[in-house]
Every structure is written in C-alpha cells, then in structure tokens.
Amino acid sequence: QVQLVESGGGLVQPGESLTLSCTASGSISVIYTMAWYRQAPGKQRDLVARIASDDTGYADSVKGRFIISRDKNTVSLQMNSLKPEDTAVYYCHAYVSTPMVTTNYWGQGTQVTVSS
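Presented here is a report on the structure given in the accompanying data block.

Analysis parameters
Residues numbered from 1 in each chain as written. Predicted model: local features only at pLDDT ≥ 70, side-chain atom pairs only at ≥ 80, totals over all residues. Heavy atoms only, no water. Helix = DSSP H or I, 4+ residues; strand = E, 2+ residues; numbered from the N terminus. Polar contact = N/O pair within 3.5 Å; in protein donor to acceptor, adjacent residues only side chain to side chain. Disulfide = S-S within 2.5 Å. Buried < 20%, exposed > 50% of the residue type's maximum accessible area, 1.4 Å probe, protein only. Pairing = 2+ DSSP bridges. Axes fitted to C-alpha atoms, helices over the stretch in contact; angles between N-to-C directions.

What follows deals with the environment of threonine 102. Note on placement: threonine 102 falls in strand β10 (residues 102–106). Through-space distance from the C-alpha of threonine 102 to that of serine 76 is 22 Å; in sequence the pair is 26 residues apart. A polar side-chain atom of threonine 102 sits 3.2 Å from a polar atom in the side chain of serine 97.

And the structure:
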C-alpha cells in the first residue's frame with residue numbers, strides 16, 4: 001500500500017505565496033509521475049501541475065505563477081501571486097508501481113483559501 005501525505009495549506013491574502021508538499025511512503029518500487037490537482041466547491045477536480053522525470057506541465061491558469069518540483073518521494077508546489085480563484089482543496093496524485101500493482105494514488109487533500 002502507498003500513502004500520500006500533504007501539508008502546507010492555509011489562508012493567505014491575494015498576491016501572497018504558499019508552498020504545498022506531499023510525501024509518498026509505503027511499498028514503492030517506482031514513482032512514474034507526481035501531480036497536484038485542485039477542486040473548488042461545485043466544480044470538477046482539475047490538473048494544476050504535473051512532473052515526470054525532468055518534464056513538467058501546468059494548467060494555463062497557473063503558468064508563470066506556480067512551480068512544481070520533486071525530490072525523491074516528495075513533490076512540492078510553490079504557489080506565487082495567489083488569486084481568490086486559486087481557492088480550492090488541493091490533492092496530491094502519484095502514479096506508482098509497487099511489487100503488487102501499478103496504479104494511481106491520491107492524498108487526502110489540503111485546503112487553500114485566498115481571501116482578503
């Protein structure tokens with residue numbers, strides 16, 4: 001089994017920065033990709049940023065403001081120039097190979113609120 005544990009959410013004002021972190025643990029053989037998704041109230045869960053090896057990708061809405069990085073089993077999301085529309089629950093995702101299966105895993109989510 002694999003666990004993803006997120007940290008770093010909170011309440012910030014518009015224009016401020018916040019960094020989220022997520023660490024994967026358990027029976028991990030290979031982590032192929034890690035990513036951050038977010039879900040605002042009443043909306044679907046959308047991809048924010050992903051990282052695989054040295055390749056990164058971002059949603060258009062966060063390009064130039066957010067930076068995703070990875071160090072071994074930990075993925076971080078540095079969020080700069082935050083806007084009220086960035087308010088959402090942010091979920092960590094990983095596509096992982098274990099000795100038994102290769103599948104997707106999700107964190108429990110962390111709330112990010114941007115408000116003055």
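Here we take up the state of the cysteines. Such a bond, covalent and formed between the sulfur atoms of two cysteines, is termed a disulfide. What the rule picks out here adds up to one disulfide. Covalent S-S linkage joins cysteine 22 and cysteine 92, the inter-sulfur distance amounting to 2.1 Å. Because the torsion about its S-S bond is -80 degrees, the bridge between cysteine 22 and cysteine 92 counts as left-handed. Here cysteine 22, found in strand β3 (residues 18–26), pairs with cysteine 92, found in strand β9 (residues 88–97); they are 70 residues apart in sequence, far enough to count as distant. Pair check on accessibility: cysteine 22 and cysteine 92 agree, each one buried.

In this section: the sheet that holds strand β7 (residues 66–71). Within the open sheet, the four strands sit side by side as β1-β3-β8-β7. Their pairing is antiparallel. The open sheet has two free edges, formed respectively by β1 (2–7) and β7, since each of these has just one partner strand. Each strand of the sheet is rotated relative to its neighbour by a mean of 15 degrees, with strand direction disregarded.

Attention shifts here to the pairing of β1. Side chains Val2, Leu4 and Glu6 project from β1 onto a buried face, and the interleaved Gln3, Val5 and Ser7 project onto a face without burial. Where β1 meets β3, six bridges bridge the pair, whose relative direction is antiparallel. Residue pairing in the sheet places glutamine 3 in a bridge with serine 25 of β3.

The next subject is unusual backbone geometry. Phi is positive for lysine 72, which is not a glycine, with a value near 55 degrees. Structurally, lysine 72 can be placed in the loop between β7 and β8 (74–79). Lysine 72 gets classed as exposed once you look at its relative accessible area, which sits at 69%. Here the phi dihedral of serine 81 falls at roughly 50 degrees; this positive angle occurs in a residue that is not glycine.

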